[in-house]
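Understanding the architecture of this molecule
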Amino acid sequence: MTRIAAIHGALTPYRHAQSEITDMVARTCLPDGSDRRVLDRLHRSVRVRSRHMTLPLRRYEELDGFGAANDIFIATATDLGTKAVRDALHLAGLSAAEVDLLIFTSVTGIATPSIDARLAGRLGLRPDVKRLPLFGLGCVGGATGLARMHDYLLGRPGNVAVLLSVELCSLTFQRNDASMANLVATGLFGDGAAAVVACGANRPGEKVGPTIVDTRSRLYPDTGRVMGWDIKDSGFQVVLDPTIPDVVRRYLADDVEWFLGDHGLKPKDVTAWVCHPGGPKVLEAVIEALDLPENALDVTWRHLAEVGNLSSSSVLHVLRDTLAESRPPPGTPGLLLAMGPGFCCELVLLRW
């Protein structure tokens, strides 16, 4: 099994109360003199108290065009990603030269060379390090990155792999766009990063985090327009369909039960649920579909309130906080789950 050696989360420097961000969105997204009551209601309903942003709030009113936003993404993602990986390796007691695979995932900016290539020299990674940049996975990217890292380490059990997620969601907010999807997104998503260091089964070292037992991917039919981006001259225009909770209710329970059943487990055997904070309606649908106790997703709810939805980085932050705060009984099963564009789901079975 794959052993998680360290998890480190990082956040961008500008932290603001939700009300401050709402005021900025009202100035940049709504027509002059328009009624902002719908915006205020939407931003309150997502149950986010504060978020971290890449830029000071006034800079978003001046940011003009996709190119300018993407240049900031490249510079910030490289700096923040370098720090996240360096700190995670320090926690794991490993050097950059010991890393055999670096996976990078993001859906909030594009770069060629990719961000993983740009930070390799800064970190001191070997010239023969394997790299796997992933784009387009959105909120499911953190879970999918863990799964693909596990697949790699099953075949190379003596290796070390690193997963890096950087999501600067605020750079994708669309100015002069008063659509419901954009207003919801500007109230829900924040900026941050996370890095995970994992070792194969034959790699010596102290067990710090959980082990990955197995993974399962699910792609749902006829759901391609449920979530994603429309690529416009102004950048990434969010697609968020209100039927997302219905898709969760329709499919998730069967997927989880079949996956756990393959390992002789039932949902009641899971001692900790590590769930991506997709938003209140999605989390309520998860609780309903899986018939979870109300406190089962407490760590996820708290993460949502404190920093918002960090897209692919969020579930990795929730995993870190679950280990630090919940301390599941050693040897018991945990389940990490996230959903994203496709529409799809990734399940990762853990052993604490």
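Under the annotation held in an unreviewed UniProt entry, the protein carries the name Type III polyketide synthase and is attributed to Streptomyces luteolifulvus. Quoted verbatim from the Sequence similarities (unreviewed entry) field of the UniProt record, the comment on the protein reads "Belongs to the thiolase-like superfamily. Chalcone/stilbene synthases family."

Here we come to the nonpolar core. Ranked by size, the top nonpolar core spans 92 residues in total, and within it Leu164, Leu171, Val197, Trp273, Val286 and Leu297 carry the most contacts. Ranked by size, the runner-up nonpolar core spans 30 residues in total, among them Ile7, Ile103, Ala161 and Leu350.

Let us now look at the layout of surface pockets. Within this model, the largest pocket holds a volume of roughly 630 Å³. Lining the largest pocket are 25 residues, with Val184, Leu240, Asp241, Pro242 and Lys281 sitting closest to its centre. Of all the secondary structure elements, the ones that give two or more residues to the lining of the largest pocket are α2 (37–45), α7 (180–188), α8 (244–261) and α9 (280–290). No other element matches the four residues that α7 contributes to the lining of the largest pocket. Across the lining of the largest pocket, the residue classes break down as 17 nonpolar, five polar and three charged. Residue contributions to the lining of the largest pocket reach at least three from each of two domains, namely domain 1 (2–199) and domain 2 (211–351).

Within the structure shown, the criterion is met by five aromatic pairs. With a centroid separation of 4.4 Å and an interplanar angle of 10°, the aromatic rings of tyrosine 220 and tyrosine 251 are classed as stacked. With tyrosine 220 in the loop between β8 (211–219) and β9 (227–232) and tyrosine 251 in helix α8, the pair connects residues that are 31 residues apart, well separated along the chain. Across the pair, exposure class does not vary: tyrosine 220 and tyrosine 251 are buried alike. Within the aromatic cluster, the residues linked to one another by ring pairs are Phe66, Phe135, Trp229 and Phe236. The lysine or arginine in question, arginine 47, covers the ring of tryptophan 301, its NZ or CZ lying 4.1 Å from the ring centre.

Rules and cut-offs
Residues numbered from 1 in each chain as written. Predicted model: local features only at pLDDT ≥ 70, side-chain atom pairs only at ≥ 80, totals over all residues. Heavy atoms only, no water. UniProt positions renumbered as here; feature names shortened; annotations may be inferred. Core = buried A, V, L, I, M, F, W, Y, C linked by side-chain atoms within 4.5 Å. Buried < 20%, exposed > 50% of the residue type's maximum accessible area, 1.4 Å probe, protein only. 1 Å grid on protein atoms, 1.4 Å probe; cavity = no way out; pocket = protein on both sides within 12 Å on 5 of 7 lines; lining within 4 Å. Points joined across faces, edges and corners; volume = space filled by probe spheres on them. Helix = DSSP H or I, 4+ residues; strand = E, 2+ residues; numbered from the N terminus. Nonpolar A, V, L, I, M, F, W, Y, C, P; charged D, E, K, R; others polar. Domains from an automatic or database assignment. Phe/Tyr/Trp six-rings, centres within 6.5 Å; stacked < 30°, edge-to-face > 60°. Lys NZ or Arg CZ within 6 Å of the ring centre and 35° of its normal.

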